[in-house]
Amino acid sequence: MTSMKRIFSKTRRITVGRLVGVTLASGRCFHAELVRTESSGLPIVHHSKYVCELPANHRFPMAKFPRVLHFLLQDQVITDRQVWVPEIASKDLLGAVHTEDYLNNFISGRINEQEQRRTGFPWSEGIVRRCRYETGGTVLAAEVALRRGLACSTAGGTHHAFPSYGSGFCLLNDLAVAAKYLMNSSSRRRKVLIVDLDVHQGDGTAFIFKDEPSVFTFSVHCGKNFPVRKQQSDLDISVEDGLEDEEYLSTVAEHLPWLLETFRPDLVLYDAGVDPHREDELGRLRLTDQGLYQRDLYVMKTVVKRGVPIATVIGGGYSRDIDKLALRHSIVHRAATRVWRECGM
């Protein structure tokens, strides 16, 4: 628990990104292709280019992203008037987190076979484009959350990406890019709390912000799961294989209210990974659909009731049954819709 001292003792470090987006009459700048200011419903951030082609039988369930939006619309959880469309993340934006050499090599395709094996993806122009749009989606969700109080992307949570390399199906760290940009895009330096409830530790995010006092990283993860070598988050909660709903929810509830009161963030970024689910192929925990729903509901209500904006991403989730997986990922949007309604947002 010694890392808790770093809440107030980290060395300050400022990196400012410069971007151009859609400017509203209010003066706020959104990094969006389509802005839905006319809708009073929960903002959902989605782009059709969140996907790209992969080799046949590739383990990553790329097709899940459009299916998440499909089920939200089909089940009338949302309407298409609630869907905001992000811009592609610019190189300037990404450069606040990732090194120039890595970005140049990644964008141009100078990625060797060993590096591709570490990420789990063969390089293609399509994978570059989808990762940049996904990162843009997380930035837009955070921007909209600051204005509306709550916003949800249908992708994101690539928390294993480090400044100079990708890892574990993560090529660009969207959470870190969004936190960096929002932290430095106002006259007063914002404080960002990253709540990472993916089953795997957000090692890349923890490393990126290890010396940054304005960002607090909180991770609840399966200790014996990937990555083998963990980084040190500001607060790491390592849980054992087989953990079920009640104990998992108690673990989150034990720490989140205290962190909100102590760190006092201006924004929360929530990685709502569904890989703690009992049927997940890479998970090792035993949560049910209802457990995930109660988890997401608890996190968002706890944050919103304290007047703190929150943006959500879907995080990890692995299944050969794409429709079942997409429905599982849509749990956070369904819970968010309830929070939006019950909290009068």
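Residues numbered from 1 in each chain as written. Predicted model: local features only at pLDDT ≥ 70, side-chain atom pairs only at ≥ 80, totals over all residues. Heavy atoms only, no water.

K.L.:
Help me understand the pattern of salt bridges in this model?
P.N.:
Oppositely charged side chains can pair when the atoms bearing their charge come close. Within the structure shown, the criterion is met by 17 salt bridges. Across the salt bridge formed by Glu-261 and Arg-306, the nearest N and O atoms sit 3.2 Å from each other. Of the two residues, Glu-261 sits in helix H9 (residues 245–263) while Arg-306 sits in the loop between helix H10 (289–304) and strand S11 (310–313), which places them 45 residues apart along the sequence. A relative accessible area of 41% places Glu-261 in the partly exposed class. Judged by relative accessible area, Arg-306 falls into the partly exposed class, the value being 37%. For Glu-342, the salt bridge is made with Arg-338, and the minimal N-O distance between the two is 2.9 Å. Of the two residues, Glu-342 and Arg-338 are both situated in helix H12 (residues 331–342); the distance of four residues between them amounts to about one turn of the helix. (Salt bridge = Lys/Arg side-chain N within 4 Å of Asp/Glu carboxyl O. Helix = DSSP H or I, 4+ residues; strand = E, 2+ residues; numbered from the N terminus. Buried < 20%, exposed > 50% of the residue type's maximum accessible area, 1.4 Å probe, protein only.)

K.L.:
Explain the environment of Val-68 to me, please; I cannot follow it from the model alone.
P.N.:
Along the chain, Val-68 falls in helix H2 (residues 64–74). Note: C-alpha distance between Val-68 and Arg-328 (260 residues apart in sequence) is 8.6 Å.

K.L.:
Before we go on, may I ask you to explain the pairing of strand S5 (residues 83–86) in this structure?
P.N.:
Along any regular strand the residues' side chains alternate between the sheet's two faces. Residue alternation in S5 divides its side chains into two sets, Val-83 and Val-85 and Trp-84 and Pro-86, and both sets are buried. In the sheet, strand S3 (residues 32–34) pairs with S5 via two bridges, with the strands oriented antiparallel. Opposite Leu-34, over in S5, you have Val-85 as the bridge partner. Bridge analysis of strand S4 (residues 44–45) against S5 gives two bridges, and the strand direction is parallel. Across the sheet, residue Val-45 finds its bridge partner in S5, namely Trp-84. (Pairing = 2+ DSSP bridges.)

K.L.:
I tried to follow the sheet that holds S5 on my own but got confused; where do I start?
P.N.:
In a beta sheet, neighbouring strands are held together by backbone hydrogen bonds and run either parallel or antiparallel to one another. Ordered in space as S3-S5-S4-S6-S11-S10-S7-S8-S9, the nine strands form an open sheet in which the pairing is mixed. At either margin of the open sheet sits one strand with a lone partner, and together these are S3 and strand S9 (235–239). Sheet contacts for helix H6 (residues 125–148): S3, S4, S5, strand S6 (150–153), strand S10 (267–271) and S11; angle to S5, the most-contacted strand, approximately 130°. (Contact = heavy atoms within 4.5 Å. Axes fitted to C-alpha atoms, helices over the stretch in contact; angles between N-to-C directions.)

K.L.:
Would you explain the packing of H10 against H12 in this entry?
P.N.:
In a pair of packed helices, the angle between the axes and the distance between the axes together describe the arrangement. Direction vectors running N to C along H10 and H12 enclose 40°, while the axes themselves pass 9 Å from each other. Taken together, the axes of H10 and H12 are oblique relative to one another. The chirality of how H10 crosses H12 is right-handed. Every residue of H12 that contacts H10 at Asp-289, Leu-292, Tyr-293, Asp-296, Leu-297, Met-300, Lys-301 and Val-304 is listed here: Ile-331, Val-332, Arg-334, Ala-335, Ala-336, Arg-338, Val-339 and Glu-342. Among the residues forming the contact of H10 with H12, the class breakdown is 10 nonpolar, no polar and six charged. (Parallel < 35°, antiparallel > 145°, perpendicular 65-115°, else oblique. Left-handed = near helix turned anticlockwise from the far one by under 90°. Nonpolar A, V, L, I, M, F, W, Y, C, P; charged D, E, K, R; others polar.)

The values reported here are purely geometric and, on their own, carry no functional implication.
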